[in-house]
Structure formats: structure tokens, C-alpha cells
Amino acid sequence: MMQKTKDGQQSPNIHIAVENFGPIEKASIDLRPLTVFVGESNTGKTYLSALVYALYRTFEGFSRVPWLHDVILLLREIDTETLEALEKLNTYGQSFRFSDLPQWLQADILRDFSNPEPFGDELKRCFNLDSIAELIQFTDSKDNELNISLKVSEENQSLWNFEMKGSGADISVAGSVNEDIILRAEDAISEKELNLEDLATLFNGNRVPDFYYLPAPRGGIMETHGVILSSLVESATRVGLERSSGNATISGMIADFLKQIINYDERHLSSDEMNGIAKVLEDEVLRGEIEVRRPAAGYPEFRYRPQKSEQALRMSQSSSMVSELAPLVLFLRGIVQLGDTLIIEEPEAHLHPAAQTKIALILARLVRVGVRVIITTHSDWLLEQIGNLVREGEVMKLGKNKAEPTTWLTKEEVGAWWFHTDEPVKEIPFDTIEGIEPKDYYDVAEELHNDAVEFQQHLLNEEEFSDDE
């Protein structure tokens with residue numbers, strides 16, 4: 001479903017499908033305002049999250065028209081065809097479609113659909129691989145073919161699509177754009193005559209939403225980022241380079257996360273809505289404030305000041321909960337904006353069950369202001385709270401709430417996908433009674449209950465036998 005921010009901007013619908021991708025046999029998912037990947041470990045939740053991130057970075061966003069690089073600003077002689085396109089673009093009462101673009105521009109946009117390098121390089125960067133062949137499903141079969149497809153649409157209209165196929169070292173890509181996409185409506189009015197450079201606004205508008213990834217090891221990075229930075233500086237020297245083996249590398253998501261922490265600057269503040277959500281997270285979950293200190297020369301330092309405390313603690317002195325959630329606070333307070341997408345691996349890590357349920361409320365608040373959220377999780381507490389928020393949203397639809405809720409979700413806004421060993425990824429439909437919990441969670445609970453009953457019965461029988469003696 002399309003998601004709308006408070007400023008009225010809409011995000012296209014995103015559908016991604018894979019076959020024989022890492023540990024994933026088959027998956028077909030739609031990105032919802034809140035997308036949840038849940039299931040056993042080592043079944044592909046992080047793989048699919050990283051793939052979404054790699055696709056976004058390759059196409060510089062999931063815009064209405066793919067835009068892999070800036071061709072508009074290239075110096076180019078304006079030919080007759082381009083003049084005719086600009087004349088139509090500036091004609092009031094006439095819509096302007098993708099097919100109305102000059103042929104050279106259409107060809108330039110479509111050219112990268114036949115070039116496997118941009119997406120292939122980004123996959124290798126994000127997954128820290130030497131070859132795309134390493135992504136083909138982990139089986140002994142040599143016949144498996146890797147398939148990745150991306151479809152972008154709005155309402156009932158297809159916008160564009162892209163796919164990659166590969167077997168071993170042989171990789172091919174293809175894609176297309178719907179020629180009937182309306183880039184400028186017939187009733188659009190411009191205060192000035194649009195020129196060649198203004199065509200860029202037809203594709204992406206004034207701002208392309210960003211995509212951010214909070215990786216699972218973020219807590220350890222927050223606690224040791226000073227040591228990491230010192231090591232990076234040392235290895236950057238000539239002697240350091242000579243001593244370095246050159247073999248140790250990190251994934252693209254961790255590298256991007258590190259750069260965002262290193263360059264963090266709260267002077268680039270987010271909106272009031274985002275700052276408000278960060279404050280709720282600090283007050284109700286962390287029970288303290290994340291402080292940013294920037295020495296006169298050097299990288300930012302992060303501290304945690306508990307409520308009613310005059311002393312701020314270093315991340316390494318704080319609880320694991322603080323180091324896990326501090327990056328989320330910082331991203332909400334100084335990086336993420338309305339309309340952006342945020343991927344969070346295991347937001348419940350190191351949290352008490354009560355705090356896990358509060359994280360679900362934070363996720364719902366983000367959805368309400370128009371941030372698209374993708375999470376991986378193992379937490380039944382988090383899933384149960386998300387289920388309750390959906391129930392609250394469905395009750396709100398009926399107009400039966402006793403008071404206006406501050407957080408809610410609807411079943412259309414939430415997509416939960418179940419990952420299981422050697423099985424295709426399946427969607428978990430929302431159920432009024434069961435919520436969105438996968439069946440194997442109930443199986444584990446039932447097995448524990450049955451074991452408890454059996455042990456209790458043995459103990460009761462032993463107590464009765466002792467009493468008889």
C-alpha cells in the first residue's frame with residue numbers, strides 16, 4: 001500500500017521477489033509502512049533486508065522513475081526533438097508522459113537496466129563478497145539459478161521493474177519503464193518556463209527519501225566506536241597500511257552506519273515530529289538522555305545521562321539496552337526525515353519484555369508520521385504489541401474507541417513475513433485472535449507447557465507418595 005507523510009508526499013508500492021538467494025529458497029514480499037521479518041535464525045531475514053538496501057542504493061531511491069545517475073546536468077546540445085519535448089512540457093492543459101521525453105533521455109535512463117555492474121557491485125559491497133555467485137542458495141546443487149526482481153507501482157499502475165538472473169559467474173539484468181507514466185499532470189502550473197535541467201524534478205520531486213540501516217552489531221559499535229576510529233586512523237598511515245593484511249573488510253551497511261556515526265551532527269536536526277518520537281524513546285524506554293559531545297578537534301562522543309543524574313556515562317559504562325537504542329535516538333533526532341525508510345535489525349535486542357512492547361509503540365509513531373520501517377525480530381512480545389496496535393486501529397475504523405489513540409496501526413499498514421528453514425517465505429495474515437505471530441511460536445509455547453505439566457505431575461506424585469509414607 002502507498003504511504004503518505006504529513007506533508008502529503010506518497011511513497012510508491014515496492015514488491016521484491018527472490019529465488020535461490022542465500023539461505024532463501026523463495027520469497028515474494030511487499031514493503032508496507034511497517035514490514036516485519038520474523039522466524040528462525042539463519043533463514044534469510046538479514047539477507048532480504050540487505051537486498052532491499054542494496055536495491056535502494058543502486059537506484060538512488062524507489063522513485064516513480066529510476067534515476068541511476070545525473071544525466072540532466074550534462075552539457076548537451078538541445079536538438080529539435082528536445083525542443084519539442086520542452087514545448088509540450090510547458091503547455092498548460094496537456095499532460096506530459098515518460099514517452100514524451102526525448103529519445104536520448106529515455107535511452108539513457110534505460111541503459112543501466114542492461115548493465116549488471118551497478119547492482120552487482122552494490123550487492124558485493126553490502127554482503128561483503130568477492131563474487132555474486134556466493135549469493136546463490138547454499139545447497140550442493142549446481143543447477144540453482146539466482147533470481148531477483150523489483151517492481152515499483154502506484155495504485156493500479158505499474159511504474160517500472162528490474163530483475164537480475166544469475167548462475168555461477170553468468171549474471172544478466174533487465175528492466176523496463178511504463179511509457180504511460182504521467183510526469184506532469186495536465187493542470188500543473190509553473191511560475192516559470194521549465195528547461196532541460198528542470199526535467200529532474202519530474203522524476204524525483206524536490207527531495208528523494210533516504211534509506212537507513214541500523215545493523216545488529218550497532219550496540220558494540222557504539223561502545224567501541226572510539227577504538228574503531230583510532231584503528232582506522234592508524235591503518236591509514238603508510239606504516240599502518242604496510243602492517244595491514246588487507247583481508248579484513250566489513251559489510252556496506254556497517255560501513256554506512258559507521259560513517260553516519262562518525263559524521264553525526266545535530267545541527268542538521270530532523271522535524272519536530274521526529275524529535276518528539278526520539279524524546280518519547282528517551283523518556284519512556286531509556287529513562288535518560290543521549291548526549292552528543294564534539295571536541296574542538298575530533299569525532300563526536302556519545303554519553304548517556306540517566307534521569308535525575310548529574311553525571312553522564314560513556315556508552316561502555318551504560319547498559320546494553322542503552323548502547324542498542326542510542327543509535328535509534330540519534331538517527332531520529334538528527335538524520336531520519338519524514339518519508340524516509342529505516343531498517344532496524346532486532347530492535348528488541350537486550351530489552352526487558354516491557355521495553356520491547358514500548359518499542360512497538362515507537363514503530364507505530366514512526367509509521368503515523370510517514371516513515372517506512374522494516375524490522376527483523378525474534379520477539380513474541382514485540383509481535384503481540386504490534387498485533388494489539390493493529391486491533392486498536394481496526395477498532396478505530398469502527399469509531400468505537402473510548403478516546404483518540406496516540407498510536408495505532410491498521411492491518412493494511414503491516415506486513416509480517418515468516419522465514420523458516422528450507423521453506424519459502426510466507427506472509428502471516430493478521431488474525432483478530434492470533435495477531436501476527438507465526439505458528440512455530442505457538443508450537444514452542446505448547447511444548448514448554450506440556451513439559452511443565454509433565455514435570456509438575458511427577459513432582460506432585462512424589463509429594464503424595466512421601467505423604468503416604
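Structure: see above.
Below is a short write-up of the structure. (Residues numbered from 1 in each chain as written. Predicted model: local features only at pLDDT ≥ 70, side-chain atom pairs only at ≥ 80, totals over all residues. Heavy atoms only, no water.)

Considering the overall build of the chain
Reasoning step 1: Scanning the chain from terminus to terminus reveals 13 helices and 18 strands.
Reasoning step 2: A buried classification covers 47% of the 469 residues belonging to the chain.
Reasoning step 3: Counted over contacts in the chain with a minimum sequence separation of 6, partners at least 24 positions apart contribute 68%.
Reasoning step 4: Accessible surface computed for the chain: about 23,900 Å², of which carbon and sulfur atoms make up 49%. (Helix = DSSP H or I, 4+ residues; strand = E, 2+ residues; numbered from the N terminus. Buried < 20%, exposed > 50% of the residue type's maximum accessible area, 1.4 Å probe, protein only. Contact = heavy atoms within 4.5 Å. Areas by Shrake-Rupley, 256 points an atom, 1.4 Å probe, with all protein chains shown as cover.)

Things to note about the pairing of strand β17 (residues 414-419)
Reasoning step 1: Taking burial as the measure, the six residues of β17 include six buried ones, the bulk of the element.
Reasoning step 2: Burial of the side chains of β17 extends over both faces: V414, A416 and W418 are buried on one face and G415, W417 and F419 on the other.
Reasoning step 3: In terms of strand pairing, strand β5 (residues 34-39) meets β17 through six bridges, oriented parallel. Residue pairing for β17: G39 is matched across the bridge by F419.
Reasoning step 4: In this sheet, strand β18 (residues 426-427) lies alongside β17 in antiparallel orientation, the contact comprising two bridges. Bridge pairing in β18 links W418 to K426.
Reasoning step 5: Taking the residues between adjacent antiparallel strands as the criterion, β17 and β18 are bridged by six residues, where D422 takes a positive phi near 60°. (Pairing = 2+ DSSP bridges.)

Concerning the packing of helix α9 (residues 272-286) against helix α11 (residues 353-368)
Reasoning step 1: Running from N to C, α9 and α11 point in directions that differ by 175°, and their axes come no closer than 10 Å. It follows that α9 is roughly antiparallel to α11 by the angle criterion. Contact residues: M274, I277, V280, L281, E284 and V285 in α9; A355, K358, I359, I362, R365 and L366 in α11.
Reasoning step 2: In terms of residue class, the contact of α9 with α11 is made up of nine nonpolar, no polar and three charged. (Axes fitted to C-alpha atoms, helices over the stretch in contact; angles between N-to-C directions. Parallel < 35°, antiparallel > 145°, perpendicular 65-115°, else oblique. Nonpolar A, V, L, I, M, F, W, Y, C, P; charged D, E, K, R; others polar.)

Focus on the packing of α11 against helix α12 (residues 380-397)
Reasoning step 1: At a closest axis distance of 8 Å, the pairing of α11 and α12 adopts a crossing angle of 45°. Taken together, the axis directions place α11 and α12 in an arrangement best described as oblique. For the element pair α11 and α12, the recorded crossing hand is right-handed. Between α11 and α12, the residues in contact are P353, Q356, T357, I359, A360, L361, L363 and A364 and W381, L382, Q385, I386 and L389, respectively.
Reasoning step 2: Residue composition of the contact of α11 with α12, grouped by class: ten nonpolar, three polar and no charged. (Left-handed = near helix turned anticlockwise from the far one by under 90°.)

Remarks on the side chain of R32
Reasoning step 1: Relative to the assigned elements, R32 resides in the loop between β4 (24-31) and β5.
Reasoning step 2: Looking at R32, the relative accessible area reads 12%, which means it is buried.
Reasoning step 3: Among the polar contacts made by the side chain of R32, one reaches the side chain of E427 at a distance of 3.2 Å. (Polar contact = N/O pair within 3.5 Å; in protein donor to acceptor, adjacent residues only side chain to side chain.)

Considerations on unusual backbone geometry
Reasoning step 1: Even without being glycine, N42 reaches a positive phi, approximately 60°.
Reasoning step 2: Within the fold, N42 resides in the loop between β5 and α1 (45-58).
Reasoning step 3: The residue E155 is not glycine, and still its phi comes out positive at about 50°.
Reasoning step 4: Here E155 lies in the loop between β7 (146-154) and β8 (157-167).
Reasoning step 5: By relative accessible area, which is 65% here, E155 ends up exposed.

Topic: the sheet that holds β17
Reasoning step 1: As summarised here, the arrangement of the six strands in space is β11-β15-β16-β5-β17-β18, forming an open sheet in which the pairing is mixed. What marks the edges here is a single partner per strand, and that holds for β11 (211-214) and β18.
Reasoning step 2: With five bridges joining them, β5 and strand β16 (residues 372-377) adopt parallel strand pairing. What sits directly across from L34, in β16, is V373.

Some remarks on helix α4 (residues 117-127)
Reasoning step 1: Here α4 has its buried residues at F119, G120, E122, L123, C126 and F127. The buried residues of α4 occupy an angular sector of 165° when the element is viewed end-on, so they sit on one face.
Reasoning step 2: Each element contacted by the buried residues of α4 is listed here: β3 (13-21), α1, β7, β8 and α8 (252-262).
Reasoning step 3: At the exit of α4 stands N128, carrying a positive phi of roughly 55°. (Arc of directions from axis to C-beta.)

Observations regarding the packing of aromatic side chains
Reasoning step 1: Counted under the stated rule, the structure contains 18 aromatic pairs.
Reasoning step 2: Where Y53 meets Y213, the ring centres are 5.6 Å apart and the plane angle is 75°; that geometry is what we call edge-to-face. Of this pair, Y53 sits in helix α1 while Y213 is found in strand β11, placing the two residues 160 residues apart along the sequence. Comparing Y53 with Y213 shows no difference in burial state: the two are buried. (Phe/Tyr/Trp six-rings, centres within 6.5 Å; stacked < 30°, edge-to-face > 60°.)

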